[in-house]
Amino acid sequence: GGFYPGFQTQKPAFDLPVIYEDDHFAIVNKPAGVVCYSQRKQGHGLMTVRAALPFVLKPPKRGTLAIIRRPVSVHRLDKPTSGLLLCAKTKPAMVELTRQFVDRRIKKTYTAIVNGIPDEPTETSISPTDALNLGVDVDTTEADQWQKIENVIDEKVHTTVWKPLETIKSLKANNETLTLVELKPKTGRYHQLRRHMSWVCECPIVGDSTYDGGGDAMTLRGRGLFLCSNKVSLEHPYYNTEVGRLEWDALPDDKKYANGVLRLSQNGKVVEVHASIDLPEKFQSFLRNEGNRFEKFSREPENDDEI
């Protein structure tokens, strides 16, 4: 099946765009509604990222060390969440990427639409420099303050840094407002972002049938979960080895920097990967439609009485 010989399966019926790829690892854009891999008896069949990877990724060139028989994702995204997923093509890349996740060196950014206006208490407000020192990927040249959520759930510390990006009026939302937020998890716990937005901020992510509380929020469920992993930064799993760095230094510039996805750290010692994607089209169309409906139906009726 696909580029990897020896698999007697059909190509799954969904697109899995490749954002970056080399002989060692790849980054793909998982669509919402698709699981990363199927557990026994779950019945997802071919509708998994695992089944699709051999059809969208190219095998490493001959001579590449310890090639895996088929590429595998090294972490997961919830079924309703879309966005960037890291995949290994070799055993050393799988080991190194897993180590970076364990050491929390992989920095992910999510964008979500939440129901309502989340509070920004001064006591949980932190500067961009504080956020960077915490270990998340922020631009310290921006003046925006961030919010830090840190709590213990199931005896484990959960830490998220977030800020609002935009507010849109909506007839269906709490406080008649939807908020576009940027979320940066320091830890990667089960349903962490969804729980933090719902339980701590009391503004659940739109379309979250597990944590939105039901009631009026159900009227916002029609287009799925509005949560996307749209940015990731990490250290390249191969080009920072002794042999890999020599190989990277010898590459022509177009392959060396891969349209800006690869770059050197400020001190010139580490080959970094910085990948980002646009938000799914449904984000902007949903916000636009909600804003337009609010404008249309919330205007005061004009007074047509004759004087």
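The structure presented is a predicted model; accordingly, all values stated were derived computationally and were not measured.

(A) Region of the structure containing the overall build of the chain. When its secondary structure is counted, the chain shows seven helices and twelve strands. If you line up the chain on its principal axes, its C-alpha atoms span 85 × 45 × 45 Å. Residues classed as buried in the chain amount to 47% of the 307 residues present. Accessible area of the chain: about 16,500 Å², with a carbon and sulfur share of 48%.

(B) Focus on the nonpolar core. By size, the foremost hydrophobic cluster in this structure holds 35 residues, and its most contacted members are Ile-27, Leu-86 and Ile-113. Broken down by secondary-structure element, the contributors of at least two residues to this core are β2 (25–30), β4 (82–90), α2 (91–102), β9 (177–185), β10 (227–235), β12 (271–276) and α7 (281–298). In this view, Ile-27 contacts Pro-17, Val-18, Ile-19, Tyr-20, Leu-84, Leu-85, Leu-86, Val-232, Val-273 and Ala-275; residues no more than four positions away in its chain are not counted. Listed in part, the 29 residues of the second largest apolar core include Leu-16, Val-56, Cys-87 and Val-114.

(C) Quick peek at the pairing of strand β5 (residues 107–115). By the criterion of burial, β5 is predominantly enclosed, with eight of the nine residues buried. Pairing of β5 with β9, which is carried by six bridges, proceeds in the antiparallel orientation. Across the sheet, residue Ile-113 finds its bridge partner in β9, namely Leu-180.

(D) Broad picture of α2. Along its twelve residues, α2 runs 17 Å from first to last C-alpha, staying within 8% of the 16 Å computed at 1.5 Å per residue. What α2 keeps buried is the set Ala-93, Glu-96, Leu-97 and Gln-100. Looking down the long axis of α2, one finds its buried residues gathered within 95° of arc, a one-sided arrangement. Exposed side of α2, more than 90 degrees from the buried face: Lys-91 and Val-102 are the residues found there. On the buried face of α2, the contacting elements are β2, β4 and β10. Positioned one or two residues after α2, Arg-104 has a phi angle of 60°, which is positive.

Calculation notes
Residues numbered from 1 in each chain as written. Predicted model: local features only at pLDDT ≥ 70, side-chain atom pairs only at ≥ 80, totals over all residues. Heavy atoms only, no water. Helix = DSSP H or I, 4+ residues; strand = E, 2+ residues; numbered from the N terminus. Buried < 20%, exposed > 50% of the residue type's maximum accessible area, 1.4 Å probe, protein only. Areas by Shrake-Rupley, 256 points an atom, 1.4 Å probe, with all protein chains shown as cover. Core = buried A, V, L, I, M, F, W, Y, C linked by side-chain atoms within 4.5 Å. Contact = heavy atoms within 4.5 Å. Pairing = 2+ DSSP bridges. Expected span 1.5 Å × (residues − 1). Arc of directions from axis to C-beta.

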